[in-house]
Amino acid sequence: MINAKFTIALLGAAALLATNASAVVVDLERNNEGTAGGGPTSERMALFQFTAQQPTGTGVIDPFLTIQAEGTEQGYNTSAENPPFDVKRQPNFTRDIQFSDLQKTTVMLNGVSYFQILLDVNEPNGAKSIITLDELQIYTSAQGSQSTTNVSSLGTLRYDLDFFGDSEVRIDASRNSGSGSGDVNIFIPVEAFAGTAPSDYVYLYALFSEGNLKMNPDGTQGGFEEFALVQNITPIPELSSFFPIVGLMVAVGATNVLRRRKAAQQTVAS
Ligand SMILES: [Ca+2]
Ligand SMILES: [Ca+2]
Ligand SMILES: [Ca+2]
């Protein structure tokens, strides 16, 4: 009974995946928000929202990944001694984070729980102010401080901007004034992290302006791009205290089904 229901749920999710499959351009130069990407655990897309957020705004801004290079740039957060790619400002602003850190950023939007990450880009003003986020992937792993250049081996994939097709987020840095202000609030669905332990490490990999000459002729320039956790001041229930309740409900449900099945068998037998 449970297996059949589970299979139907999986087929439903697969159908949803198929209908959603497409490349998306989230244009934050002209619009204020858009959704894109997904992952193997949850078909729900992430929300990308333009923000003029200042460090003195609501919530505590906690930077964990800094990336900077000319033309194109990429990297993921790690406390490894020799990190690969174009990460900068170790060890304070490029470093390991754990799932318990991410959990502190939980916010509720339209009845759905998300983790909130702030992306602050820094590009020259004028005609060169465009930068594109071409790939964003989030992995979880029991192993910290990794230094592999094989990004897909970092751990369990939780979110992928290109999951439904080659997508990108187009950002105009000149909508805000340089480093330390703005630019994009990224909301990643909490449900994509089912089964993650609070002590697990979270790796965020980002790739900016890769071979995207039509959308972004001048590539990456200027100062660094920075990702930060946005720790929300309003207290929220811990996810770790939520999961056991779900587990308990499943267990109780399964017991009830077994009980009913046994009762039915006994009725037939008698
Ligand atoms: Ca892409
Ligand atoms: Ca900025
Ligand atoms: Ca830059």
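As shown above, the structure is provided for reference.
Quick notes on the rules
- Residues numbered from 1 in each chain as written.
- Chains lettered and ligands numbered in written order.
- Predicted model: local features only at pLDDT ≥ 70, side-chain atom pairs only at ≥ 80, totals over all residues.
- Heavy atoms only, no water.
- Helix = DSSP H or I, 4+ residues; strand = E, 2+ residues; numbered from the N terminus.
- Buried < 20%, exposed > 50% of the residue type's maximum accessible area, 1.4 Å probe, protein only.
- Contact = heavy atoms within 4.5 Å.
- Areas by Shrake-Rupley, 256 points an atom, 1.4 Å probe, with all protein chains shown as cover.
- Donors = N, O, S within 2.8 Å, 3.2 Å for Na, K, Ca; no water.
- Tetrahedral: all angles 85-135°; square planar, octahedral: opposite > 155°, others 65-115°.
- Phe/Tyr/Trp six-rings, centres within 6.5 Å; stacked < 30°, edge-to-face > 60°.
- Lys NZ or Arg CZ within 6 Å of the ring centre and 35° of its normal.
- Salt bridge = Lys/Arg side-chain N within 4 Å of Asp/Glu carboxyl O.
- Pairing = 2+ DSSP bridges.
- Core = buried A, V, L, I, M, F, W, Y, C linked by side-chain atoms within 4.5 Å.
- Polar contact = N/O pair within 3.5 Å; in protein donor to acceptor, adjacent residues only side chain to side chain.

Chemist: Whenever I open this one, the overall build of the protein confuses me. Can you help?
Modeler: In terms of regular secondary structure, the protein is built from three helices and 14 strands. Counting over 270 residues, the protein shows a buried share of 44%. Restricting to contacts in the protein with at least 6 residues of sequence separation, those with at least 24 account for 76%. Of the roughly 13,300 Å² of accessible surface on the protein, a fraction of 57% belongs to carbon and sulfur atoms.

Chemist: Looking at this model, I keep getting lost on the coordination of the calcium ion (ligand 3). Mind explaining?
Modeler: Coordination angles at a metal have ideal targets, namely 109.5 degrees for four tetrahedral donors and 90 or 180 degrees for six octahedral donors. Ligation of the calcium ion (ligand 3) by protein atoms is provided by Asn 122 (O), Glu 123 (OE), Gln 221 (O), Gly 223 (O), Glu 225 (OE) and Glu 225 (OE), these donors lying 2.3 to 2.7 Å from the ion. Here the calcium ion (ligand 3) is ringed by six donor atoms whose angles at the metal span 50 to 159°, and the overall shape comes out irregular. As a motif over one chain, the donors of the calcium ion (ligand 3) read N-E-x97-Q-x1-G-x1-E. Of this pair, Glu 123 sits in the loop between strand E8 (112–120) and strand E9 (130–141) while Gln 221 sits in the loop between strand E13 (201–208) and strand E14 (225–231); the two residues are 98 residues apart in sequence, bridging distant segments of the chain. The buried category is assigned to Gln 221, whose relative accessible area is 13%.

Chemist: Quick question: what am I supposed to make of the coordination of the calcium ion (ligand 1) here?
Modeler: Note on the calcium ion (ligand 1): its protein donors are Asp 134 (O), Asp 162 (OD), Asp 162 (OD), Asp 166 (OD) and Ser 167 (O). The metal-donor distances range over 2.2 to 2.8 Å. If you list the donors of the calcium ion (ligand 1) from N- to C-terminus, the spacing comes out as D-x27-D-x3-D-S. Classification of Asp 162 as partly exposed rests on a relative accessible area of 21%. The exposure class assigned to Ser 167 is buried, which follows from its relative accessible area of 1%.

Chemist: In this structure, what is going on with the packing of aromatic side chains? I would like to understand it.
Modeler: Each aromatic ring pair is characterised by the separation of its centres together with the angle its planes make. Tallied over the full model, the rule gives nine aromatic pairs. Measuring from centroid to centroid gives 5.3 Å for Phe 115 and Phe 193, while their planes differ by 75°, and the two rings are edge-to-face. Taken together, the residues Phe 115 in strand E8 and Phe 193 in the loop between strand E12 (184–189) and E13 connect sequence positions 78 residues apart. Look at Phe 193 and you get buried, because its relative accessible area is 0%. The interplanar angle of 80° and the centroid separation of 5.4 Å between the aromatic rings of Phe 163 and Phe 164 together place this pair among those described as edge-to-face. Since its relative accessible area comes to 8%, Phe 164 is described here as buried. Ring pairing ties together the aromatic residues Tyr 76, Phe 85, Tyr 203 and Tyr 205, which thus form one cluster. One Lys or Arg, Arg 89, reaches over the ring of Phe 224 and ends 4.0 Å from the middle of that ring. In this arrangement the basic side chain of Arg 175 is found over the ring face of Phe 50, its NZ or CZ atom lying 3.6 Å from the centre.

Chemist: Would you take a moment to explain the pattern of salt bridges for this structure?
Modeler: Pairs can form between side chains of opposite charge whenever their charged atoms are close. As enumerated under the stated definition, the model contains eight salt bridges in all. Asp 27 is the salt-bridge partner of Arg 170, the closest N and O atoms lying 3.9 Å from each other. Highlighted residues: Arg 170 in strand E11 (residues 168–172) and Asp 27 in strand E1 (residues 25–27), separated in sequence by 143 residues. Since its relative accessible area comes to 14%, Asp 27 is described here as buried. Arg 30 is paired through a salt bridge with Glu 29; the nearest N and O atoms lie 3.3 Å apart.

Chemist: Even after reading the chapter, I still don't get the pairing of E14, so can you show me in this structure?
Modeler: Along any regular strand, the residues point their side chains to alternate faces of the sheet. The buried fraction of E14 amounts to six of the seven residues, a majority that puts the element mostly inside the structure. For E8 and E14, the ladder comprises four bridges, and the chain directions are antiparallel. The residue bridging Leu 119 from the neighbouring strand is Phe 227, located in E14.

Chemist: So what exactly am I meant to see when it comes to the nonpolar core here?
Modeler: When a protein is soluble and globular, its nonpolar side chains tend to lie buried together. Judged by nonpolar contacts, the single largest core of 37 residues is most densely connected at Phe 48, Leu 136 and Phe 227. Filtering out sequence-adjacent residues up to four positions away, Phe 227 remains in contact with Pro 63, Phe 64, Leu 65, Ile 67, Ile 117, Leu 118, Leu 119, Leu 136, Ile 186, Leu 204, Ala 206 and Phe 208. Ranked by size, the runner-up nonpolar core spans seven residues in total, among them Tyr 76, Tyr 139, Leu 154 and Tyr 203.

Chemist: Mind showing me how you'd approach the side chain of Thr 140 here?
Modeler: The residue Thr 140 is located in strand E9 in this model. Judged by relative accessible area, Thr 140 falls into the buried class, the value being 3%. In terms of polar contacts, Thr 140 uses its side chain to reach the side chain of Arg 158, at 3.0 Å.

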